[in-house]
Amino acid sequence: EHLCKAFCGAGRRSGRREDWEGGVKRTLAKAGGRSQRSGACEGPGAATMPAKLKFKLIYCSSEDPEFPSSELNAHSPHTVGWQSARFCDYPQELGFQFGANVRLSQLQILSHQFKIATKLELFIGSTADGDKPSYHKAKFKRLGYLSLDSNERSSWQARELKSVQVDAFGRFVKVLVHKNHINKLNMYSQVGIIAVNVIGDAAPAPPGAHPMLGAPVGGADPHAGGDGAAHRPPGKKDVSPLDDITFDLNFDAATAKQIRELHVAKDRAVKAEDYDAAKRLKDAIDRLKQVGARMAKLELRKKAAVESEDYDTAKQIKAEIDRLRSAVAYGG
């Protein structure tokens, strides 16, 4: 999480919760996510574990050529995110498509530190059964909105992460990005989003729920207040920290893959009650996280050196990264 502070700016504002329209909750959560370990579901008919969902951005109203919308399709320490065109019209629209109908559990959006929208509206949508999936022909239902802080208190250094629990079905997600907060750094009245993360599972809608409308399931009252528990499916497990948006922002793809593989091996060892192996794997994960965080910082420094054409420094940093990679000892 220390690298996330370096990546996201000076720090994070304290968590707070506010009511969404329609009873959906909006949450400003700490970027590190929850610390609970989640296990895999096994066997036919087992409950599906919410996990990070792959998506593709298929529509945007405008983009800055240096910060294209395609940046939102992947997460890494090098992610720079999407920015709207200069002096664009509002609201801006971003459209995302999944490979199949999915059940959404959580949405995470990381805002730019000073090109900040005043509000984000979220929609879930799908086409009718039997029709070819089409974003522009899909029927959408509004889930709610998120208000973003002006960020003046952090002098526009911190990036605000919004995490919200939802329970909806659909093939598409639409985000309407409203006009920007005005500040002295945002000279061209742009808005920017660094990353978007979606947690859920591929599952057909249960009987009585209409996947096109993203309707709440389990008989939940869409206007319920409280802590939002009514919108969480009974027995649904917490999301793994490995699927949190900041995990892939903190580690390069190779390191993230290795950490996930080690977590799987550790869970298997625990299930087999091989606690010596589980301890070795835990130690290996901790070492890899430390080295991976350092490598991610070095990668950012190397990128900056290349952009400034300081190739001697870039070469030295590359050598240090290679040394760290070769020095990592993986438990097994």
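Residues numbered from 1 in each chain as written. Predicted model: local features only at pLDDT ≥ 70, side-chain atom pairs only at ≥ 80, totals over all residues. Heavy atoms only, no water.

Turning to the overall build of the protein, a few remarks are in order. The helix and strand tally for the protein stands at five helices and ten strands. Going through the 332 residues of the protein one by one, you find that 49% of them count as buried. Partitioning the intrachain contacts of the protein with sequence separation of at least 6 by distance along the chain shows that 77% fall at a separation of at least 24. Within the structure as shown, the protein displays about 16700 Å² of accessible surface, and the carbon and sulfur contribution to it stands at 52%. (Helix = DSSP H or I, 4+ residues; strand = E, 2+ residues; numbered from the N terminus. Buried < 20%, exposed > 50% of the residue type's maximum accessible area, 1.4 Å probe, protein only. Contact = heavy atoms within 4.5 Å. Areas by Shrake-Rupley, 256 points an atom, 1.4 Å probe, with all protein chains shown as cover.)

Moving on: the packing of aromatic side chains. Within the structure shown, the criterion is met by seven aromatic pairs. Ring centres of Phe87 and Tyr188 lie 5.8 Å apart, and the angle between their planes is 85°; this geometry places the pair in the edge-to-face category. Of the two residues, Phe87 sits in the loop between strand 5 (82-83) and strand 6 (92-111) while Tyr188 sits in the loop between strand 9 (161-177) and strand 10 (192-202), which places them 101 residues apart along the sequence. When its relative accessible area of 55% is taken as the criterion, Phe87 is described as exposed. Its relative accessible area of 29% is what places Tyr188 among the partly exposed residues. A centroid spacing of 5.2 Å and a plane angle of 55° characterise the contact between Phe247 and Phe251, whose relative ring orientation is tilted. Overall, the relative accessible area of 6% leaves Phe247 in the buried class. Through a chain of ring-to-ring contacts, the aromatic side chains of Tyr59, Tyr135, Phe140 and Phe172 assemble into a single cluster. For the cation-ring pair, Arg86 lies above Tyr188, with the distance from its terminal atom to the ring centre recorded as 3.8 Å. Across from the ring centre of Phe140, 4.5 Å away, lies the NZ or CZ of Lys174, which sits over that ring. (Phe/Tyr/Trp six-rings, centres within 6.5 Å; stacked < 30°, edge-to-face > 60°. Lys NZ or Arg CZ within 6 Å of the ring centre and 35° of its normal.)

A separate point is helix 5 (residues 311-327). Between its terminal C-alpha atoms helix 5 stretches 24 Å, which fits the 24 Å expected from 17 residues at 1.5 Å a residue. Within helix 5, the full set of buried residues consists of Ala314, Ile317, Ile321 and Leu324. Down the axis of helix 5, the buried set is contained in an arc of 85°. They therefore lie on one face. What points out from helix 5, more than 90 degrees from its buried face, is the exposed set Asp312, Lys315, Gln316, Ser326 and Ala327. Tucked into the core, helix 5 has its buried residues touching helix 4 (275-307). (Expected span 1.5 Å × (residues − 1). Arc of directions from axis to C-beta.)

Put simply, helix 3 (residues 253-271) and helix 4 touch, their axes get as near as 9 Å, and they point 165° apart. By the angle between their axes, helix 3 is roughly antiparallel relative to helix 4. By crossing handedness, the relation of helix 3 to helix 4 is classed as left-handed. Contacts between helix 3 and helix 4 pair Thr255, Gln258, Ile259, Leu262, His263, Ala265, Lys266, Ala269 and Val270 from the former with Tyr275, Ala277, Ala278, Leu281, Lys282, Ala284, Ile285, Leu288, Lys289, Gly292 and Met295 from the latter. For the contact of helix 3 with helix 4, the class distribution of residues is 13 nonpolar, four polar and three charged. (Axes fitted to C-alpha atoms, helices over the stretch in contact; angles between N-to-C directions. Parallel < 35°, antiparallel > 145°, perpendicular 65-115°, else oblique. Left-handed = near helix turned anticlockwise from the far one by under 90°. Nonpolar A, V, L, I, M, F, W, Y, C, P; charged D, E, K, R; others polar.)

What follows deals with the confidence of the model for the protein. Predicted confidence across the protein gives a mean pLDDT of 79, with 74% of residues reaching 70 or more. Looking at the elements of the protein, mean pLDDT is at its lowest for helix 1 (residues 2-8), recorded as 31, and at its highest for strand 5, recorded as 98. Across residues 1-46 the pLDDT falls below 50, and counting only partners more than four positions away or on other chains, this stretch makes 123 contacts in the model. Throughout residues 211-236 the model reports pLDDT below 50, and contacts reaching past four residues in sequence, or to other chains, amount to 60 contacts. (pLDDT = per-residue confidence, 0-100.)

Moving on, we get to helix 3. Its 19 residues give helix 3 an end-to-end C-alpha distance of 27 Å, which sits within 8% of 27 Å, the value for a rise of 1.5 Å per residue. Of the surrounding secondary structure, the elements contacted by the buried residues of helix 3 are helix 2 (245-250), helix 4 and helix 5. Among the residues of helix 3, the N-terminal cap falls to Asp252, whose side-chain oxygen and the backbone nitrogen of Ala254 are separated by 3.1 Å. The first or second residue beyond helix 3 is Glu273, which carries a positive phi of 60°. (Polar contact = N/O pair within 3.5 Å; in protein donor to acceptor, adjacent residues only side chain to side chain.)

This structure, assessed with the given rule, holds 15 salt bridges. Among the salt bridges present, the one from Asp267 reaches Lys266, with a minimum N-O distance of 4.0 Å. Asp267 gets classed as partly exposed once you look at its relative accessible area, which sits at 22%. Note that Lys302 is salt-bridged to Glu299, the shortest N-O span being 3.2 Å. (Salt bridge = Lys/Arg side-chain N within 4 Å of Asp/Glu carboxyl O.)

What follows covers the side chain of Glu121. Within the secondary structure layout, Glu121 lies in strand 7 (residues 119-126). Looking at Glu121, its side chain comes within polar contact range of the side chain of Arg142, at 2.5 Å. Reaching out from Glu121, the side chain makes a polar contact with the side chain of His178 at a distance of 2.6 Å.

Right, let's get into the nonpolar core. Among the nonpolar cores identified, the biggest contains 33 residues, and Leu94, Phe96, Leu104, Leu120, Val177 and Ile193 are the most heavily contacted of them. Mapped by element, the contributors of at least two residues to this core are strand 4 (55-60), strand 6, strand 7, strand 8 (139-147), strand 9 and strand 10. Ranked by residue count, the leading element in this core is strand 6, at seven residues. Apart from residues lying up to four places away in sequence, Phe96 is in contact with Phe55, Lys56, Leu57, Leu72, Tyr135, Arg171, Phe172, Val173, Val175 and Val196. One finds Ala284, Val291, Leu298 and Val328 within the second-largest nonpolar core, a separate group that totals 21 residues. (Core = buried A, V, L, I, M, F, W, Y, C linked by side-chain atoms within 4.5 Å.)

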